[in-house]
Amino acid sequence: MHVSRDVGAARIPGDLTPERIQARLRTEVIGRSLRVLTEVRSTNDLAMEEGRRGAPEGLAILADRQTGGRGRRGRAWESPAGLGLYTSILLRPECPAAKAPVLTLLAGLATGEAMGEVAGLPVRLKWPNDVLVGGRKAAGILAEMAGADERVSHVVIGIGINVNQGPGDFPAPLLATAGSLFLATGRLTARSELAAALYNSLDRWYRVFRAGRIEAILAAGRERSATLGHAVEVLEGGGRWRGRAVDLDDDGALLVREEGGALRRVLAGDVSIRAPETVT
Ligand code: BT5
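Residues numbered from 1 in each chain as written. Predicted model: local features only at pLDDT ≥ 70, side-chain atom pairs only at ≥ 80, totals over all residues. Heavy atoms only, no water.

A. View of the side chain of Ser 201. Locating Ser 201 in the fold gives a position in helix α5 (residues 191-210). Other than its neighbours up to four places away in sequence, Ser 201 contacts Ala 110 and Glu 113. (Helix = DSSP H or I, 4+ residues; strand = E, 2+ residues; numbered from the N terminus. Contact = heavy atoms within 4.5 Å.)

B. Main features of the layout of surface pockets. In this structure, the largest pocket occupies an estimated 820 Å³ of space. Considering the residues around the largest pocket, the lining is formed by 41 residues, among which Arg 75, Ala 76, Trp 77, Asp 130 and Lys 137 are closest to the centre. Counting only elements with at least two residues in the lining of the largest pocket, the list comes to α2 (43-52), β3 (84-91), β5 (130-133), β6 (136-147), β7 (152-162) and β12 (270-273). It is β6 that provides the largest number of residues to the lining of the largest pocket, a total of 5 residues. Tallied by class, the residues present in the lining of the largest pocket amount to 15 nonpolar, 17 polar and 9 charged. (1 Å grid on protein atoms, 1.4 Å probe; cavity = no way out; pocket = protein on both sides within 12 Å on 5 of 7 lines; lining within 4 Å. Points joined across faces, edges and corners; volume = space filled by probe spheres on them. Nonpolar A, V, L, I, M, F, W, Y, C, P; charged D, E, K, R; others polar.)

C. Summary view of the nonpolar core. Among the nonpolar cores identified, the biggest contains 66 residues, and Ile 21, Met 115 and Tyr 199 are the most heavily contacted of them. No other element matches the 11 residues that α5 contributes to this core. In contact with Tyr 199, other than residues within four places in its own chain, are Ile 21, Leu 25, Thr 27, Ile 30, Leu 34, Ala 60, Ile 61, Leu 62, Thr 87 and Ile 89. The next biggest cluster of nonpolar side chains, apart from the first, holds 11 residues, and it includes Val 40, Ala 55, Ala 63 and Val 156. (Core = buried A, V, L, I, M, F, W, Y, C linked by side-chain atoms within 4.5 Å. Buried < 20%, exposed > 50% of the residue type's maximum accessible area, 1.4 Å probe, protein only.)

D. Local environment of the pairing of β6. Bridging between β5 and β6 involves 4 bridges; their strand directions are antiparallel. Each residue of the ladder has a partner; that of Leu 132, found in β6, is Lys 137. Linking β5 back to β6 in an antiparallel pair, the connection comprises 2 residues, with Gly 134 at a positive phi of about 55 degrees. Bridge count for β6 against β7 is 9 bridges, and the pairing is antiparallel. For Ala 146, the partnering residue across the bridge sits in β7 and is His 154. Between β6 and the antiparallel strand that follows it, β7, lie 4 residues. (Pairing = 2+ DSSP bridges.)

Written out as structure tokens, the structure is:
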């Protein structure tokens, strides 16, 4: 495994180095152990492997480029060299598996906070794992868990952020939906600065989680939500139905009032927000 000092092809030369990140870290746990790689298949795969091998909680792996970046359900995450932030953080929360999904929300909050802080723009969270800037998906979260039902062995939080991509840097199918900090602000962002802000924010929110203050995480999630209050279409288990997103449940599940009146919990699914003209 090689640690990059100064990665090539970056839009800001040399903007991703462990030294630059460490100089800004104010964390107790997250990123105390840090690895910056030139290239990896998927930072999540590597972090899961390290989790099995007993690596310490808080290990952060970051790559300049992923050759097999993953989204949920086998989908791909575009991870071009030099432009985005691709990182995975290993956690060992002492909680039952049922409590772990709220970590996706926590990661979304930290990602939104860091992007807002560094680029100075409003960021919203689309349930369950999209981070939106100006209505476009500028980041995504992929949380994966290992362990038995009663106790989680480890969790990996994968975060991909589009940082310095311009319009020509996205493949055609993503042109209409993907955003980046550069597209939203017209300014380039140093990825080390964003990475440090992200780890600092994750560290703060993870302390809230460990203190059992889940309600504070849910409250912040409600406030930043792009989904709540909107008419939505839910895709889960091959089925598709419509309703209105009304709240987040205690474990981070989305509560949707179905057309017809029943309140349904959505824990794993894809949710699209319906345009106002289609609302009935
Ligand atoms: C996600 O999945 O949004 C989770 C993405 C997590 C990526 C990070 S990078 C570090 C770590 N290592 C990994 O291997 N993964 C994590 P999902 O909700 O399934 O969204 C995937 C969909 O978003 C794709 O099917 C595309 O439509 C779209 N997409 C792919 N790449 C994108 C990008 N760079 N920007 C915006 N949209 C993208």
